[in-house]
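# Structural overview for review
Here is how the chains run, residue by residue.
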Amino acid sequence: MPDARPTTAAFDVVIVGAGFAGMYMLHRLRGLGMSARVFEAGSGVGGTWYWNRYPGARCDVESMQYSYSFSPELEQEWQWSELFASQPEILCYANHVAHRFDLRRDMRFDTRVTEARFDRSTHRWTVRTDRGDAVSARYCVMATGCLSTARVPDFPGIKRFRGRTYHTGHWPHEGVDFTGLRVGVIGTGSSAIQAIPVIAQQAAHVTVFQRTPNFSIPSRNGPMTEAYADSWKRDYPVRREQARHMRTGILNNPNDISALEVPDEERRRIFEERWAAGGTNFMAAFNDLIVAQEANDTAAEFVRDKIRATVRDPATAELLAPKNHPIGTKRICVDTDYYGTYNRPNVRLVDARTTPVEEITADGVRAGDVEYEFDAIVFATGFDAMTGALLNIDIAVDGQTLRDKWSAGPVTYLGLMTAGFPNMFMITGPGSPSVLSNMMVSIEQHVDWIADCVAWLRAHGLDCIEATRAAEDGWVAHGNEVAHKTLYPLANSWYMGVNIPGKPQVFMPYIGGVGTYRDICGEIAVEGYRGFALSGEAAALAAE
Ligand code: FAD
Ligand code: NAP
């Protein structure tokens, strides 16, 4: 059992968060012989998969790809039972990894990092927690997650409600039995789209409040066959390497032609093929779906037609068919019988755009003039994404806080560091491909880059690295330029911060592609960390 008493010790590195990012970061640093302490607010490892225990939760990237690649032994020994593993299985995998690599002895759970201060005279961070720890570290790695700050909108009256309320991202560990209950679900993002079909099978009645319909593709999930798993395991090194150079970090047979180059019939055949195969590969059907409105319209209309063909009530089908954003500009959802669920007699859809959710009452939800009575309400209302967890920590250097620096939106160099905050790295930070990718690939790439960087600094007698303003400005301009060549900024998405009132609206992830981004990061490192100011004993000697 790790010692749970508050500590004032000194480490080479403090890591905040014990999701897949924090876990692998610890493993890499240990391999370099560095000391590290991980602080995690939850009681266990797994991050996303520790918190999001709602019914139906599972990955939307196939498990053979949504898994670590750093250990060939781990890759070979682990068996996934389904093509898209469920949350319990992914959490089990995270626990297996923690055990296999003996990670827990350097982790402190139920401990939230509240403050971080950098001292320029010593080149060290002091990191404080809500349990009284005050540890010193040369480097601080924020592995705090892009989707770890669950958010319930500020509906008036929530405390009045006599039934139970749940957020998908904070689901009770003991599970929830909805049998015989009248359930209200607010939200129709990826979490809701996974949860609604499962809740509907159990509950007496489900009412879904939909403000914005989303595009969802059937996953075609099923049991993992030995032959399929073996085909991956035999070829893992090659396939993983290919995935690292794909646009999304997913090996997904992209079709490198325009949707507008082919006759209607051929286009439809290709969409049908992808629809039948299932999953996010649908968006790789043509090379211009995300950059050309006309091409995008063909894919969007195809999916709308599928919704109309599935949902028997035409009015409900029309309400479910997204019309206000190009397909793919919000993270595309992947489901199991989502649209078909609306054919069940115990499921009703409420249009929360024309009749917004006004308040939570003692007995349920009031939307427009109607009060709906519930025994339980599920908030599938998402997260303060990408910046929420970082800005919840009071981070400051020389009197400047990160909150102030990012008051007009996050600015970073490569999504790895932000100018003015030396020796603080972010894993999958804003300005990197992160949420637009297979995050396992992006996490491993960032962890490896950071580990290589601190090893390089040590080898060169340096102990301080800081992004320069010029490099940061250049990266932000480049990120904006690339984003505005696509249709992404047209959607009111959490990528743009639109879901949080008052949050600055900037496109946060880097859309240049995982492979391209990886090459850029690699080149910058090879060139002696171009765009970073480096200092320490060796630099001081060289300057003399
Ligand atoms: P997280 O898993 O979010 O872990 C961050 C950890 O940091 C959390 O445990 C949190 O408690 C902790 N933390 C934060 N702040 C503090 C603090 N101040 N002090 C202490 N601890 C702190 N991505 C995909 O690529 N494919 C998928 O199929 C997929 N499915 C998803 C499904 C759901 C329901 C959600 C919400 C996200 C999904 N994602 C998916 C994205 C997912 O977040 C990443 O794939 C990945 O799990 C992120 O790992 P992480 O370690 O970076 O962050
Ligand atoms: P989300 O995509 O942000 O969806 C939140 C939903 O709540 C939206 O439908 C939103 O409507 C609605 N909402 C918010 N405030 C509302 C209000 N005041 N009234 C009515 N509706 C309101 O959140 P999420 O579903 O949790 O997903 C977040 C991300 O996590 C995903 O995009 C994905 O990256 C990841 N994820 C992945 C999977 C997977 O398949 N593996 C599963 C879950 C999550 P508006 O759109 O109108 O704002």
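## Some points on the sheet that holds strand E8 (residues 182-186)
The pairing of strands in a sheet comes from backbone hydrogen bonds and takes either a parallel or an antiparallel form. The strand order E7-E16-E8-E9-E12 describes an open sheet built from five strands, whose pairing is parallel. Bordering the open sheet on either side are strand E7 (164-167) and strand E12 (347-351), each of which pairs with just one other strand. Strand after strand, the sheet turns through a mean of 20° between neighbouring axes, direction not considered. Two elements, E7 and strand E16 (residues 376-379), share four bridges in a ladder whose sense is parallel. Across the sheet, Thr165 pairs through a bridge with Ile377, a residue of E16.

## Looking at the packing of aromatic side chains
A complete count under the given rule lists 42 aromatic pairs for this structure. Taking the centre distance of 5.3 Å and the plane angle of 80° together, the rings of Trp449 and Tyr529 count as edge-to-face. One end of the pair, Trp449, is in helix H13 (residues 439-459); the other, Tyr529, is in the loop between helix H15 (514-526) and strand E21 (532-535), and 80 residues separate them in sequence. Here Trp449 and Tyr529 have matching classes, each one buried. Here the aromatic residues Phe20, Tyr24, Trp49, Tyr66, Tyr68, Phe70, Trp78, Trp80, Tyr93 and Phe101 are joined through ring pairs into a cluster of three or more. The ring of Tyr50 has Arg53 sitting right over it, with the charged end atom 4.9 Å from the ring centre.

## Considering the packing of helix H1 (residues 20-31) against H13
The interhelical angle for the contact between H1 and H13, taken along N-to-C directions, is 30°, at an axis separation of 9 Å. Seen along the crossing, H1 lies across H13 with a hand that is right-handed. Across from Phe20, Ala21, Tyr24, Met25, Arg28 and Leu29 in H1, the residues of H13 making contact are Met440, Ile443, Glu444, Val447, Asp448, Ile450, Ala451, Asp452 and Val454. Along the lines of polarity and charge, the residues of the contact of H1 with H13 split into 11 nonpolar, no polar and four charged.

## Details of the site of ligand 1
Looking at ligand 1, there are 33 residues lining it, with Glu40, Thr48, Asp60, Tyr66 and Met439 nearest. Trp51 has a polar side-chain atom sitting 3.0 Å from an oxygen atom of ligand 1. Contact distances for ligand 1 include 2.5 Å between an oxygen atom and a backbone N or O atom of Asp60. For ligand 1, whose unbound accessible area comes to 980 Å², protein coverage reaches 96%. Among the secondary structure elements, those contributing two or more residues to the shell around ligand 1 are H1, helix H2 (48-51) and H13. With three residues, the top contributor of residues to the shell around ligand 1 is H2. Class assignment of the residues belonging to the shell around ligand 1 gives a composition of 18 nonpolar, 11 polar and four charged.

## Notes on the site of ligand 2
Of all residues adjacent to ligand 2, which total 23 residues, the nearest are Arg58, Thr188, Ser191, Arg211 and Thr212. Ala380 is positioned such that a nitrogen or oxygen atom in its backbone is 3.2 Å from an oxygen atom of ligand 2. Take Trp494: an N or O atom from its side chain is 3.0 Å from an oxygen atom of ligand 2. Burial of ligand 2 by the protein chains amounts to 88% of its free accessible area of 910 Å². In terms of residue count, helix H5 (residues 190-202) provides more of the shell around ligand 2 than any other element does, three residues in total. The residue inventory of the shell around ligand 2, partitioned by class, reads nine nonpolar, nine polar and five charged.

Rules and cut-offs
- Residues numbered from 1 in each chain as written.
- Chains lettered and ligands numbered in written order.
- Predicted model: local features only at pLDDT ≥ 70, side-chain atom pairs only at ≥ 80, totals over all residues.
- Heavy atoms only, no water.
- Pairing = 2+ DSSP bridges.
- Helix = DSSP H or I, 4+ residues; strand = E, 2+ residues; numbered from the N terminus.
- Axes fitted to C-alpha atoms, helices over the stretch in contact; angles between N-to-C directions.
- Phe/Tyr/Trp six-rings, centres within 6.5 Å; stacked < 30°, edge-to-face > 60°.
- Buried < 20%, exposed > 50% of the residue type's maximum accessible area, 1.4 Å probe, protein only.
- Lys NZ or Arg CZ within 6 Å of the ring centre and 35° of its normal.
- Left-handed = near helix turned anticlockwise from the far one by under 90°.
- Contact = heavy atoms within 4.5 Å.
- Nonpolar A, V, L, I, M, F, W, Y, C, P; charged D, E, K, R; others polar.
- Near = heavy atom within 4 Å.
- Polar contact = N/O pair within 3.5 Å; in protein donor to acceptor, adjacent residues only side chain to side chain.
- Areas by Shrake-Rupley, 256 points an atom, 1.4 Å probe, with all protein chains shown as cover.

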